[in-house]
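Reading the structure
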There are 2 protein chains.
Amino acid sequence: MRVIVDAFGGDHAPLEILKGCEMAARELEVEITLTGNEDIIEKVAEDNQISLEKMEIVHAGDVMTMEDDPTEIRTRKDSSMAVGLNLLAEGRGDAFVSAGNTGAILTGATLFVKRIKGVARAAIGTVMPAMPSGCYMLMDAGANAECRSEMLAQFAAMGSLYMEKIHHVRNPRVGLVNIGSEPTKGTQLQLEAYQLLSGMPLNFIGNVEGRDIPGGCCDVAVCDGFVGNVLLKVTEGVAKSFAEELKRMFLKSAKTKVGYLMIKGGVDELRRKMDYTEYGGAPLMGISKPVIKAHGSSNAKAIKNAIRQAKLYSETGVIDDIRAALEAEKARQKAAQAEGEESHA
Amino acid sequence: MRVIVDAFGGDHAPLEILKGCEMAARELEVEITLTGNEDIIEKVAEDNQISLEKMEIVHAGDVMTMEDDPTEIRTRKDSSMAVGLNLLAEGRGDAFVSAGNTGAILTGATLFVKRIKGVARAAIGTVMPAMPSGCYMLMDAGANAECRSEMLAQFAAMGSLYMEKIHHVRNPRVGLVNIGSEPTKGTQLQLEAYQLLSGMPLNFIGNVEGRDIPGGCCDVAVCDGFVGNVLLKVTEGVAKSFAEELKRMFLKSAKTKVGYLMIKGGVDELRRKMDYTEYGGAPLMGISKPVIKAHGSSNAKAIKNAIRQAKLYSETGVIDDIRAALEAEKARQKAAQAEGEESHA
């Protein structure tokens, strides 16, 4: 198992990336290929006493920054991201991880690695924490600001397989993010998606609302990338505000200060629990090989977790399952259509 | 100052509504008109020793329930909601409060009370808590699942005036809810709205993201009603999950239990602080007279707060200011257009 890692993606690259790779090489059964400027990688590793054992470096002179226009990846073939994606496409690794520019990874993965046949659009599937336990997959968490209902239906099918295979959820509950529980709620997009999802071989539980999603009312929350991105970031924002406010309040008086110190570990644990970066990174669902987008602010541990997830994603063969499910769904639709025509004849 | 209250709107009607009205009549300088079944109102008041002093009852035999199709309000003129809205339209009160079916209040207010001239669509302006202090207005929080950019521009103008007049925010910061901070982010709707907002006499601070909104990065967060409704409900859901999880975690061991008991008051205070129902209710912005939608699960205190808000909304004359601002904006656009034509000539 070889995971290709973009050494220059993310806010803390390359230092935290290299540290994370060292942890992964030691703790997980993986070999790592780093892409990026070889001299800098070797210098940073030496300066920080990071062992590059079991790691191969493939030189890439350029870097796609967070501010770069994602479409530039088409021409910036020497960027650490493009080089990594092309190695994956050529079969010189089993999975690719980057904490860099999300749009660029998405564009690059679609362009170089290609989508699974029949997938209309790749989506970012972010695994979010659910309270009191477990997690759910948000599909799409931001790749496609505008979607058609057929895309949402595919997101649902892919997310369901992911949760089943990777998180061992039996018969994952699929919910459509909406502004009310009744099937008549929402815009044309939700109305159509509701109909499509109802007819698919999925455990579709209907519309789900924002107030129930963080409590884990479903295992896959389906929406367009605009709504998904807002949902993800608001979850992050409220958890952060809540934790900070808690601290502020309790450090006010001696009595509450003592109380806070007694529970501080718990608050930190809770905040960690609500931190989706703990889950390692978001798979680009619908791409024909495993591509994992780690959070831009990833530290070493987050990178290690993303590599673990990349490994799992590859080993469990989810992508083959998705391919098979899409073909079966296509056959099902064809049969239903033929039956419809026959009964009309 | 007379506030008309729908005695049969909301999950806890009529008991909590009557209790809330009693509190308001005692604590605030308001007279109250209750709409609904007179016999039931009098019986419930008597059974629960609620004084109806300073209150007038206008009988209404029917009730719009939470499950009713909102458009039915057109024909169900004898419902407590329709009767109340018509009293407001006829000038037999200064403001209207209901905790009932949101869609029905919106449809009824638009139909009976009418929009301010020039307003394309009325919106639900929910005042949300911001951490560590203050609040922001979410516009639209759920009235219009689909919007045009001109509608968002009007929401921004109305929300800004509301925050200035009612919450005494000087030069309110208006943010456009988006999936990135750059002006090029989002769908066609956000791109167009960004342009419109940039040209308006508002303190437009650009795009705002979900992770910064709960921290109070802006005073008015502008979005369509679908995104707004998801944002509102996710905020509620995460705060609820966080508070519950905190409790669960700390009641696990003797040590953390003691710590939790010492800070319990603080956690409750924090949860209250994050509870938008504390802010009293959501004004229907763009309606020509004050209509306040209280939360469906309102208790007596929430109803009292909604009545206080209705009173403030009426007294401060925000609606006249909105009317004037819309006329000025129209004149500004006309002048800009004329200038454009002249320079082309």
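Since this is a predicted model, take the numbers as computed values, not measurements.

Concerning the overall build of chain A
From N to C terminus, chain A includes ten helices and eleven strands. Along the three orthogonal principal directions, the C-alpha set of chain A runs to about 75 × 60 × 35 Å. Per-residue burial over chain A gives 57% buried out of 345 residues. Looking at chain A alone, contacts between residues at least 24 apart form 70% of all its contacts between residues at least 6 apart. Within the structure as shown, chain A displays about 14200 Å² of accessible surface, and the carbon and sulfur contribution to it stands at 48%. The positive charge centre, built from 40 side chains, and the negative charge centre, built from 47, are 5 Å apart in chain A.

So, the sheet that holds strand β6 (residues 135–139) of chain B
Residue and element names in this part refer to chain B. Strand order in the open sheet made by the eleven strands is β3-β2-β1-β4-β11-β10-β5-β6-β9-β7-β8, with mixed pairing throughout. Of all the strands in the sheet, the pair left with one neighbour each is β3 (55–59) and β8 (203–208). Taken pair by pair, the neighbouring strands of this sheet meet at an average axis angle of 25°, ignoring direction. As paired strands, strand β7 (residues 173–177) and strand β9 (residues 220–222) are joined by three bridges and run parallel to one another. Residue Gly-175 lies in a different strand from β9, and its bridge partner there is Ala-221. Its contacts with the sheet place helix α4 (residues 102–113) against β4 (95–98), β5 (123–129), β10 (282–285) and β11 (291–293), and it is angled at close to 170° to β11.

What to know about the relation of the copies chain B and chain A
With an RMSD of 0.1 Å, chain B superimposes on chain A once it is rotated by 180° and translated 0.0 Å along the axis. These values place the two chain copies in the arrangement generated by a two-fold rotation axis. Taking C-alpha positions as reference, the residue of chain B nearest the rotation axis is Gly259(B), located at 2.0 Å. When the interface residues of chain B are mapped onto chain A, 100% of them are again interface residues, pointing to one common binding face.

Focus on helix α2 (residues 38–47) of chain B
All names here are of chain B. All of the buried residues along α2 are Ile-41, Val-44 and Ala-45. One face of α2 carries all of its buried residues, which in axial projection span an arc of 100°. In α2, the exposed positions that point more than 90 degrees away from the buried face belong to Asp-39 and Glu-46. Looking at the buried residues of α2, the elements they touch are α1 (15–27), β2 (31–36) and β3. Where α2 starts, the residue carrying a side-chain oxygen 3.0 Å from the main-chain nitrogen of Asp-39 turns out to be Asn-37. Taken from the residues just after α2, Gln-49 is the one with a positive phi, measuring 50°.

A word on the interface of chain B and chain A
Each partner contributes to the interface: chain B provides 51 residues, whereas chain A provides 52 residues. Surface buried jointly by chain B and chain A totals about 4600 Å² across both partners, of which 77% is contributed by carbon and sulfur atoms. Looking only at chain B, the three residues that lose the most surface to chain A are Arg211(B), Phe226(B) and Phe242(B), adding up to 16% of its buried area. Linking chain B with chain A are four salt bridges, by the criterion used here. There are eight residue pairs in polar contact (both at pLDDT 80 or more) connecting chain B and chain A. Residue assignment for the side of chain B that touches chain A shows that the elements contributing at least two residues are α6 (188–198), α7 (225–250) and α8 (254–273) of chain B. When residues in the side of chain B that touches chain A are grouped by element, the largest group, 20 residues, is from α7(B). Grouping the constituent residues of the side of chain B that touches chain A by class yields 26 nonpolar, 15 polar and ten charged.

Brief notes about the packing of helix α3 (residues 80–89) of chain A against helix α4 (residues 102–113) of chain A
Residue and element names in this part refer to chain A. Interhelical geometry of α3 versus α4 gives an angle of 35° and a closest axis separation of 9 Å. Seen along the crossing, α3 lies across α4 with a hand that is right-handed. On the side of α3, the interface is formed by Met-81, Ala-82, Leu-85, Asn-86, Leu-88 and Ala-89, while α4 contributes Ala-104, Ile-105, Gly-108, Ala-109, Phe-112 and Val-113.

Thoughts on the pattern of salt bridges
Residues and elements named next belong to chain A. Under the counting rule described, the total for this entry stands at 36 salt bridges over all chains. A salt bridge links Arg-323 to Asp-320, with the nearest nitrogen and oxygen atoms 2.8 Å apart. Here the residue Arg-323 and the residue Asp-320 both occupy positions in helix α10 (residues 318–344), the gap between them amounting to three residues, near one helical turn. On the basis of relative accessibility, which here comes to 29%, the residue Arg-323 falls in the partly exposed class.

Describing the layout of surface pockets
Take a probe with the size of a water molecule and roll it over the atoms, and the empty space left behind shows itself. As a volume, the second largest pocket reaches approximately 1400 Å³. Around the second largest pocket, the lining is made up of 44 residues, and of these Ile179(A), Lys185(A), Thr102(B), Gly103(B) and Lys233(B) lie nearest the centre. With four residues, the single largest contributor to the lining of the second largest pocket is α4(B). A breakdown of the residues in the lining of the second largest pocket according to their chemical character gives 14 nonpolar, 19 polar and eleven charged.

Remarks on the packing of helix α7 (residues 225–250) of chain A against α7(B)
The interhelical angle for the contact between α7(A) and α7(B), taken along N-to-C directions, is 40°, at an axis separation of 9 Å. The way α7(A) lies across α7(B) gives a crossing that is right-handed. Residue-level contacts link Phe226(A), Val227(A), Val230(A), Leu231(A), Val234(A), Thr235(A), Val238(A), Ala239(A), Phe242(A), Ala243(A) and Leu246(A) of α7(A) to Phe226(B), Val227(B), Val230(B), Leu231(B), Val234(B), Thr235(B), Val238(B), Ala239(B), Phe242(B), Ala243(B) and Leu246(B) of α7(B). Residues belonging to the contact of α7(A) with α7(B) are distributed by class as follows: 20 nonpolar, two polar and no charged.

Focus on a negative patch on the surface
Residues Glu38(A), Asp39(A), Glu42(A) and Glu46(A) make up a contiguous surface patch of negative charge. Its location among the elements puts Asp39(A) in helix α2 (residues 38–47).

Focus on the sheet that holds strand β5 (residues 123–129) of chain A
Residue and element names in this part refer to chain A. The strand order across the open sheet built from eleven strands is β3-β2-β1-β4-β11-β10-β5-β6-β9-β7-β8, with neighbouring strands paired in mixed fashion. Bordering the open sheet on either side are β3 (55–59) and β8 (203–208), each of which pairs with just one other strand. Direction aside, neighbouring strands of the sheet carry axes that sit 25° apart on average. Pairing analysis gives five bridges linking β5 to strand β6 (residues 135–139), with the strands arranged antiparallel. Residue Gly-125 lies in a different strand from β6, and its bridge partner there is Met-139. Helix-sheet contacts for helix α5 (residues 149–166) involve β5, β6, β7 (173–177), β9 (220–222) and β10 (282–285), and the interaxial angle to β6 is about 150°.

Comments concerning the pairing of β10(B)
Look at any regular strand and the pattern is simple: side chains alternate between the two faces of the sheet. Residues and elements named next belong to chain B. Alternating residues of β10 divide into Ala-282 and Leu-284 and Pro-283 and Met-285, and every residue in both groups is buried. Alignment of β5 against β10, held across two bridges, turns out to be antiparallel. Residue pairing for β10: Ile-124 is matched across the bridge by Leu-284. Across two bridges, β10 lies against β11 in antiparallel orientation. Across the sheet, residue Ala-282 finds its bridge partner in β11, namely Lys-293. The antiparallel pairing of β10 with β11 creates a hairpin that spans five residues between the two strands, and Gly-286 there sits at a positive phi of about 105°.

Regarding the packing of aromatic side chains
A ring pair, where both rings are aromatic, is described by two values, the distance of the centres and the angle of the planes. Residue and element names in this part refer to chain A. Overall, the coordinates contain five aromatic pairs over all chains when judged by the stated rule. Where Tyr-194 meets Phe-204, the ring centres are 5.1 Å apart and the plane angle is 75°; that geometry is what we call edge-to-face. With Tyr-194 in helix α6 (residues 188–198) and Phe-204 in strand β8, this pair connects stretches of sequence that are ten residues apart. Across the pair, Phe-204 and Tyr-194 agree in class, each one buried.

Procedures and definitions
- Residues numbered from 1 in each chain as written.
- Chains lettered and ligands numbered in written order.
- Predicted model: local features only at pLDDT ≥ 70, side-chain atom pairs only at ≥ 80, totals over all residues.
- Heavy atoms only, no water.
- Helix = DSSP H or I, 4+ residues; strand = E, 2+ residues; numbered from the N terminus.
- Buried < 20%, exposed > 50% of the residue type's maximum accessible area, 1.4 Å probe, protein only.
- Contact = heavy atoms within 4.5 Å.
- Areas by Shrake-Rupley, 256 points an atom, 1.4 Å probe, with all protein chains shown as cover.
- Lys, Arg positive; Asp, Glu negative; His and termini not counted.
- Charge placed at Lys NZ, Arg CZ, Asp CG, Glu CD.
- Pairing = 2+ DSSP bridges.
- Axes fitted to C-alpha atoms, helices over the stretch in contact; angles between N-to-C directions.
- Least-squares fit on C-alpha atoms with pLDDT ≥ 70 in both.
- Arc of directions from axis to C-beta.
- Polar contact = N/O pair within 3.5 Å; in protein donor to acceptor, adjacent residues only side chain to side chain.
- Buried area = accessible area lost by both parts, 1.4 Å probe.
- Salt bridge = Lys/Arg side-chain N within 4 Å of Asp/Glu carboxyl O.
- Nonpolar A, V, L, I, M, F, W, Y, C, P; charged D, E, K, R; others polar.
- Left-handed = near helix turned anticlockwise from the far one by under 90°.
- 1 Å grid on protein atoms, 1.4 Å probe; cavity = no way out; pocket = protein on both sides within 12 Å on 5 of 7 lines; lining within 4 Å.
- Points joined across faces, edges and corners; volume = space filled by probe spheres on them.
- Patch = residues over 30% accessible without salt bridge, like charges linked within 9 Å, V, L, I, M, F, W, Y side chains within 5 Å.
- Phe/Tyr/Trp six-rings, centres within 6.5 Å; stacked < 30°, edge-to-face > 60°.

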